[in-house]
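Given next are the chains, with one letter for each unit.
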Amino acid sequence: MKKKKKKKPNITIGDLLMMEAEYQKNHRTSVWNTNNTFLEYWYSMAFALGHISLQYKRNLTTDLKQKLSQWKLTRFEMLMLLCYLGDLSEVFDNGDPNTSPYPINEMCKAMDGVLIKAPICTEVSVLYRQCRHDTVDGWEKDTIVTIPHYVTTSISNWNQPNNQLIITPKEKFTNARSLYQMRKKNNEDQVTFKRGTTFLIDNIQPFEMDGVEYKRIWLKEL
């Protein structure tokens, strides 16, 4: 009986580091160039600033690899987790595993893989999100929203001057994943919902902080 050949991955860490080095060599203009498209901005964030090689050389240590191996992560998935928890979260949030060009799509596929394998959040009944950049305009009570990107939350309520989401995850089969159990980001207890999670807007209340009016929105995962 012939042995099945191991499927070659679509991208490796070496491929990504090489692309980063080439991008840095050939694109020396500022990443904040206002002529950049949003897609070019993602690439700049991912490659021109050297975040990927920084995470690989500084943070993907032998001890961390040993720890993350208990969740059966590949080395590439480990690196993507570090990038996501580092400075590249918006690359993954705005990217898409199916429609984004290579290699952003492969990075997103790997991060989706991390969330499939990550520990399910069962330890708390309420999660919090500070909406620094989220648009909640037009959201109405008793309506349903499906959020196409990841929803990053915390076990802790920081109560900052932003619109705030107060989320109740499902008791069973929740999309919430306790990434902080794998690696803490700046001592934050980060819990992230997978792409495409659907919520019921249970309540909306205005509140004021520092003289500015914001919204506090209660969501229930469906």
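The shown structure was predicted, so the numbers you read here are calculated from the model rather than taken from an experiment. (Residues numbered from 1 in each chain as written. Predicted model: local features only at pLDDT ≥ 70, side-chain atom pairs only at ≥ 80, totals over all residues. Heavy atoms only, no water.)

A. The arrangement of the pairing of strand β7 (residues 197-209) in detail. Bridging between strand β2 (residues 144-147) and β7 involves four bridges; their strand directions are antiparallel. When the bridges of β7 are listed, I147 appears paired with T197. In this sheet, strand β8 (residues 212-221) lies alongside β7 in antiparallel orientation, the contact comprising ten bridges. Its bridge partner being in β8, M209 is matched across the sheet by V212. (Pairing = 2+ DSSP bridges. Helix = DSSP H or I, 4+ residues; strand = E, 2+ residues; numbered from the N terminus.)

B. Region of the structure containing the state of the cysteines. Considering all chains together, one arrives at zero disulfides under this definition. The structure places no disulfide on C108, whose sulfur is separated from the nearest cysteine sulfur, that of C83, by 12 Å. Here C131 is not disulfide-linked; the sulfur of C121 is the nearest cysteine sulfur, at 18 Å. (Disulfide = S-S within 2.5 Å.)

C. The packing of helix α5 (residues 75-85) against helix α7 (residues 104-117), seen in detail. Contact geometry for α5 and α7: axes closest at 9 Å, N-to-C directions at 95°. Judged on the interaxial angle alone, α7 and α5 are roughly perpendicular. Contact residues: α5 offers F76, E77, M80, L81 and Y84, while α7 offers E106, M107, A110, M111, G113, V114 and K117. Grouping the constituent residues of the contact of α5 with α7 by class yields eight nonpolar, one polar and three charged. (Axes fitted to C-alpha atoms, helices over the stretch in contact; angles between N-to-C directions. Parallel < 35°, antiparallel > 145°, perpendicular 65-115°, else oblique. Contact = heavy atoms within 4.5 Å. Nonpolar A, V, L, I, M, F, W, Y, C, P; charged D, E, K, R; others polar.)

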